[in-house]
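Residue-level structure breakdown
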Amino acid sequence: TSPKTDILLIDGHCGFCSRVGSFLKKRLSKSAKLEIFAQEEDEGLAIISKLPDSIKEIDSVILIRNDVVYYYSSAGKGVCYILNGGGKYGTHWCG
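Described below are features of the structure shown in this document. (Residues numbered from 1 in each chain as written. Predicted model: local features only at pLDDT ≥ 70, side-chain atom pairs only at ≥ 80, totals over all residues. Heavy atoms only, no water.)

Points about the sheet that holds strand E2 (residues 34-38)
- Pairing is mixed in the open sheet, where four strands are placed in the order E2-E1-E3-E4. The sheet terminates laterally at E2 and strand E4 (68-71), the two strands that pair on one side only. Across the sheet, the axes of successive neighbouring strands diverge by a mean angle of 20 degrees, strand direction being ignored.
- When strand E3 (residues 62-65) meets E4, the two strands line up antiparallel, connected through four bridges. Bridge assignment links Leu63 to a residue of E4, and that residue is Tyr70.
- Against the sheet, helix H4 (residues 73-83) touches strand E1 (6-10), E2, E3 and E4, its axis set at about 55 degrees to E3. (Pairing = 2+ DSSP bridges. Helix = DSSP H or I, 4+ residues; strand = E, 2+ residues; numbered from the N terminus. Axes fitted to C-alpha atoms, helices over the stretch in contact; angles between N-to-C directions. Contact = heavy atoms within 4.5 Å.)

Shown next as C-alpha cells:
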C-alpha cells in the first residue's frame, strides 16, 4: 500500500462482508485508491497491529483514509464517498 491509498479492513470470516468486499472490488474505478483486506489475513493483521488498542477491539468494518480511522457507519459512508468518485457526483445519496 502507498501513503495515498485508502484501506478497507473487512471481516474475512463473515460471508456477507466477503461478498461486499468482492462487490466493491468489481465496481471501483481505476482511479480509486482503495485496497481491501480481510482483517485476518497477513496484511490486514499487520495494519491492525499499528492501530490504537481501542480500535483493535472493534468488531466492525474499518476504513483508514488520510491517516484517519473510521468504523461502523462512518466507514460505510467513507466507502460510499470513494465509490462516488470522491464526491464528484455529489454525496446526497450516501446519507
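The discussion continues.
Overview of helix H2 (residues 42-49)
- If you check which residues of H2 are buried, you get Gly44, Ile47 and Ile48. Looking straight down H2, one finds its buried side chains confined to an arc of 95 degrees; they lie on one side.
- Where H2 is buried, its residues contact E1, E2, helix H3 (53-56) and E3. (Buried < 20%, exposed > 50% of the residue type's maximum accessible area, 1.4 Å probe, protein only. Arc of directions from axis to C-beta.)

Observations concerning the pattern of salt bridges
- Scanning the entire structure with this criterion turns up two salt bridges.
- A salt bridge links Arg65 to Asp6; the nearest nitrogen and oxygen atoms lie 2.5 Å apart. With a gap of 59 residues between them, Arg65 in strand E3 and Asp6 in strand E1 connect regions that are remote in the sequence.
- For Asp53, the salt bridge identified is with Lys56, shortest N-O distance 3.4 Å. You can see Asp53 and its partner Lys56 sitting in helix H3, three residues apart, about one turn around the helix.
- Classification of Lys56 by relative accessible area gives partly exposed; the value is 31%. (Salt bridge = Lys/Arg side-chain N within 4 Å of Asp/Glu carboxyl O.)

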